[in-house]
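Chain and residue survey
Here are the chains, one letter per residue:
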Amino acid sequence: MRTRVITAIVALLIFIPTVLAGGIWLDIMGAVLAIIAMSEIILMRKKLLVSFEAIISMLGVVCMTLPSSTWQQWDQYLPGELSYSSLLYVFILLMLFHTVISKNQFSFEDAGVFTLAMMYIGMGFHFLVQARTAGLSVIFFAMLIVWLTDSGAYMIGRKIGKTPLAPRLSPNKTVEGSVGGTLATIVIMGIYVYFFPQAYSLPIMLGLILILSVAGQFGDLIESGLKRYYKVKDSGSILPGHGGILDRFDSMLIVMPLLYLLGGMR
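First, a word on what this report is: a plain description of the structure on this page. Fair warning: this is a prediction, and the values are worked out from it, not measured in the lab.

Regarding its fold elements, the protein presents 11 helices and 2 strands. Tracing the protein from N to C terminus, the helices and strands come up as α-α-α-α-α-α-α-β-β-α-α-α-α. In terms of overall size, the protein behaves like a compact globule, its C-alpha atoms giving a radius of gyration of 19 Å where 266 residues would be expected to give roughly 18 Å. Dimensions of the protein, computed from the C-alpha atoms along their principal axes, are close to 55 × 40 × 30 Å. Taken across its 266 residues, the protein has 47% of its residues classed as buried. Entry remark: accessible area of the protein is about 14,100 Å², with carbon and sulfur atoms responsible for 70%.

Written out as structure tokens, the structure reads:
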């Protein structure tokens, strides 16, 4: 428990000031976190971190993570019709070519897993960075939903939780904890929105908070399912007591893109 608390404090002392600073510092942090998260997928897939496919997937996830403003500056230097969106396809093609060159030691299935991981991780961290450009109140709006839902579900679940939520994926999660965490988040974040108005009116924002709170829990379960599939306890070990980057950002990787798609980053 002590290790877990110390790790959380150190991580927040790095993460929060970087979010407050924004700009290039947040871009760098987003890229670094994305690379580490991608490396966790690579290791779960039992591939080497020093390999062609690992390098290509890490380059791809960084490209996906960089904010739109950065790509607008770089687009003029890319040859022909190559752009932010088409560059990802180049990385996919390189992995497909690698299935032939490696004589299927790196398979089509591997390429599919790495492509999905690049999009899942890259877009998640991309919109984490983008949320900061929309304003501090926006990025903290999303982060607080994730943190409050997670904490609320844990505490309420421990007190009154009896009904398993998804026993095959995460046996400790309960329906009572899930519902209680979401309701607590709606109440607290409703107060937040009252004092820090967001993209929509308060009634609509309450609906958005509900959607994002539930989506964040799905993000948690997605990562639990991933770990179950690969038979690992944690996605990594970079955060003592907490596991890996995917373990800590699983909900955020779903909430941030969804917030953008629902117009919450205006």
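Once you've had a look at it, read on.
This part covers the side chain of Thr65. Structurally, Thr65 is set in helix H3 (residues 52-65). Other than its neighbours up to four places away in sequence, Thr65 contacts Gly30, Ala31, Ala34, Gly122, Phe125 and His126.

Secondary-structure assignment places Lys47 in the loop between helix H2 (23-44) and H3. Here Lys47 is in contact with Ile42, Glu53, Gln105, Phe106, Asp110 and Phe114, once residues within four sequence places are set aside.

On to the pattern of salt bridges, then. Counted under the stated rule, the structure contains 7 salt bridges. Linking Asp247 and Lys227 is a salt bridge whose minimum nitrogen-to-oxygen distance equals 2.9 Å. Highlighted residues: Asp247 in helix H10 (residues 245-249) and Lys227 in helix H9 (residues 202-230), separated in sequence by 20 residues. An identical accessibility class is assigned to Asp247 and Lys227; each is buried. The closest approach of N and O atoms between Lys233 and Asp234, which form a salt bridge, is 3.8 Å.

It is worth spelling out unusual backbone geometry at this point. The phi dihedral of Lys46 falls on the positive side, at around 60°, and the residue is not glycine. The residue Lys46 is located in the loop between H2 and H3 in this model. Note on Lys46: relative accessible area 72%, which makes it exposed. Positive phi is not limited to glycine here, since Asn104 has a value of about 70°. In this fold, Asn104 is placed in the loop between helix H5 (84-101) and helix H6 (108-134).

Under the defined criterion, the tally for this structure stands at 8 aromatic pairs. Look at Phe127 and Tyr260: their rings are 4.4 Å apart centre to centre, the planes differ by 25°, and that puts the pair in the stacked class. Separated by 133 residues along the polypeptide, Phe127 in helix H6 and Tyr260 in helix H11 (residues 252-261) bring together distant segments of the chain. By relative accessible area, which is 43% here, Tyr260 ends up partly exposed. Consider the rings of Phe141 and Tyr192, whose centres lie 6.4 Å apart with planes at 35°: the pair is tilted. Of this pair, Phe141 sits in helix H7 (residues 136-160) while Tyr192 is found in helix H8 (residues 175-195), placing the two residues 51 residues apart along the sequence. Pair check on accessibility: Phe141 and Tyr192 agree, each one buried. An aromatic cluster is defined as three or more aromatic residues linked by ring pairs; in this entry it consists of Phe15, Phe125 and Phe249.

Given a rise of 1.5 Å per residue, 14 residues ought to cover 20 Å, and the 20 Å separating the end C-alpha atoms of H3 matches this to within 8%. With 10 of its 14 residues buried, H3 lies for the most part within the structure.

Across the interface, H3 lies against H6 with an axial gap of 7 Å and an inter-helix angle of 30°. Considered as vectors, H3 and H6 are oriented roughly parallel to each other. Handedness of the crossing formed by H3 with H6: right-handed. Between H3, through Glu53, Ile56, Ser57, Gly60, Val61, Met64 and Thr65, and H6, the contact on the second element is made entirely by Phe114, Met118, Met119, Ile121, Gly122, Met123, Phe125 and His126. Grouping the amino acids of the contact of H3 with H6 by side-chain chemistry returns 9 nonpolar, 5 polar and 1 charged.

A few words on the environment of Phe97. In this fold, Phe97 is placed in helix H5. Along the chain, Phe97 and Tyr230 lie 133 residues apart, while their C-alpha atoms are 26 Å from each other.

What counts as what
Residues numbered from 1 in each chain as written. Predicted model: local features only at pLDDT ≥ 70, side-chain atom pairs only at ≥ 80, totals over all residues. Heavy atoms only, no water. Helix = DSSP H or I, 4+ residues; strand = E, 2+ residues; numbered from the N terminus. Rg over C-alpha atoms; globule rule 2.2 N^0.38 Å. Buried < 20%, exposed > 50% of the residue type's maximum accessible area, 1.4 Å probe, protein only. Areas by Shrake-Rupley, 256 points an atom, 1.4 Å probe, with all protein chains shown as cover. Contact = heavy atoms within 4.5 Å. Salt bridge = Lys/Arg side-chain N within 4 Å of Asp/Glu carboxyl O. Phe/Tyr/Trp six-rings, centres within 6.5 Å; stacked < 30°, edge-to-face > 60°. Expected span 1.5 Å × (residues − 1). Axes fitted to C-alpha atoms, helices over the stretch in contact; angles between N-to-C directions. Parallel < 35°, antiparallel > 145°, perpendicular 65-115°, else oblique. Left-handed = near helix turned anticlockwise from the far one by under 90°. Nonpolar A, V, L, I, M, F, W, Y, C, P; charged D, E, K, R; others polar.

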